[in-house]
Amino acid sequence: MKRIANPSRLAHALQRVTLGLAVLALVGCGSTDQPPVVDQANTIEMQREAEQAAATRAAEERARIARVEAERERQEVAAREEAARIARQQAQEEAQRETQRLEAARIAAAEQARRAAVAREQTQRARIAELEAQIEQIRASNAAVASANTKFEEAIAAAQALLDALNAEQQKYANTTAQGELLVPLEKARIAELESRKDSLKREAQALSQQ
């Protein structure tokens, strides 16, 4: 803002003008016929009025300068307050953006952790299901082996029973009549039944052992 002239310099210039007017008045007085006392009084009055006018103008100028300075200071204060307000607003907006950024990062991290947890849970469930299937397969295999073993044992028992029956039948040939007929008839049906049972148990055991 353009500065106003210094009031003291203005007053000094006004004083110089006043003195000039006084000199002109004295010179003018020398060319008239009025008495010197009256001329001197008029000169003094004119000088006093000029000084009063100069003082009034100087006071008005000082008041104007004071108003201008006050307005300038007011504008400067208003500008500083506006700058401070803008700075506060920018700081608040920056803090809000930072809060939003942190919240978005927290939500993203939580979502990532949730997805990772879901993936781990799915992997664990798949692994558990696989292990359960393997256990069930082992159990089924063991059950099949156990059943096969049982069938083999039954087949062995049936074969032993068949062998015993065949031995018993063989001994019957030692007791015959003079015509060579057996005193005790053979139990062919029982032998056939024992042999059929032995073969059936053997087939079942072989089938179970192949599972």
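What counts as what
- Residues numbered from 1 in each chain as written.
- Predicted model: local features only at pLDDT ≥ 70, side-chain atom pairs only at ≥ 80, totals over all residues.
- Heavy atoms only, no water.
- Helix = DSSP H or I, 4+ residues; strand = E, 2+ residues; numbered from the N terminus.
- Contact = heavy atoms within 4.5 Å.
- Areas by Shrake-Rupley, 256 points an atom, 1.4 Å probe, with all protein chains shown as cover.
- Expected span 1.5 Å × (residues − 1).
- Buried < 20%, exposed > 50% of the residue type's maximum accessible area, 1.4 Å probe, protein only.
- Arc of directions from axis to C-beta.
- Salt bridge = Lys/Arg side-chain N within 4 Å of Asp/Glu carboxyl O.
- Polar contact = N/O pair within 3.5 Å; in protein donor to acceptor, adjacent residues only side chain to side chain.
- pLDDT = per-residue confidence, 0-100.

Quick look at the overall build of the protein now. Looking only at helices and strands, the protein has three helices and zero strands in total. Starting at the N terminus and walking to the C terminus, you meet the elements of the protein as α-α-α. Here the contacts in the protein between residues at least 6 apart in sequence split such that 68% fall between residues at least 24 apart. Accessible surface for the protein amounts to roughly 16,500 Å². Of this, 56% is attributable to carbon and sulfur atoms.

This part is about helix H3 (residues 188-209). In a regular helix each residue adds 1.5 Å, so 22 residues correspond to 32 Å; H3 covers 32 Å between its end C-alpha atoms and thus fits that length. Residues of H3 that are buried include every one of Ile191, Leu194, Leu201, Ala205 and Leu208, and no others. Across the axial projection of H3, the buried residues extend over an arc of 125°, all falling on one side. Those residues of H3 that are exposed and angled more than 90 degrees off the buried face are Lys188, Ala189 and Arg203.

All right, on to the pattern of salt bridges then. In total, this model carries 17 salt bridges according to the counting rule given. A salt bridge links arginine 64 to glutamate 61; the shortest N-O distance between them is 2.5 Å. Placement of the pair is arginine 64 and glutamate 61 together in helix H2 (residues 36-172), with a separation of three residues, close to one helical turn. On the accessibility criterion, glutamate 61 (18% relative accessible area) is buried. A salt bridge links glutamate 204 to lysine 151; its shortest N-O distance comes to 2.9 Å. Note that glutamate 204 is positioned in helix H3 and lysine 151 in helix H2, a separation of 53 residues in sequence.

Position of arginine 114 relative to the elements: it lies in helix H2. Within the local environment of arginine 114, its side chain forms a polar contact with the side chain of glutamate 111, the two groups lying 2.6 Å apart.

Another aspect to go through is the confidence of the model for the protein. Chain-level pLDDT for the protein is 81 on average; 82% of the residues reach the 70-or-more range. Looking across the protein, the model is least confident in helix H1 (residues 7-30), with a mean pLDDT of 52, and most confident in H2, with 89. Considering only residues more than four positions removed or in separate chains, one finds that residues 1-7, a stretch of pLDDT under 50, has 11 contacts. Counting interchain partners and residues more than four positions distant, the pLDDT-below-50 stretch residues 27-34 has five contacts.

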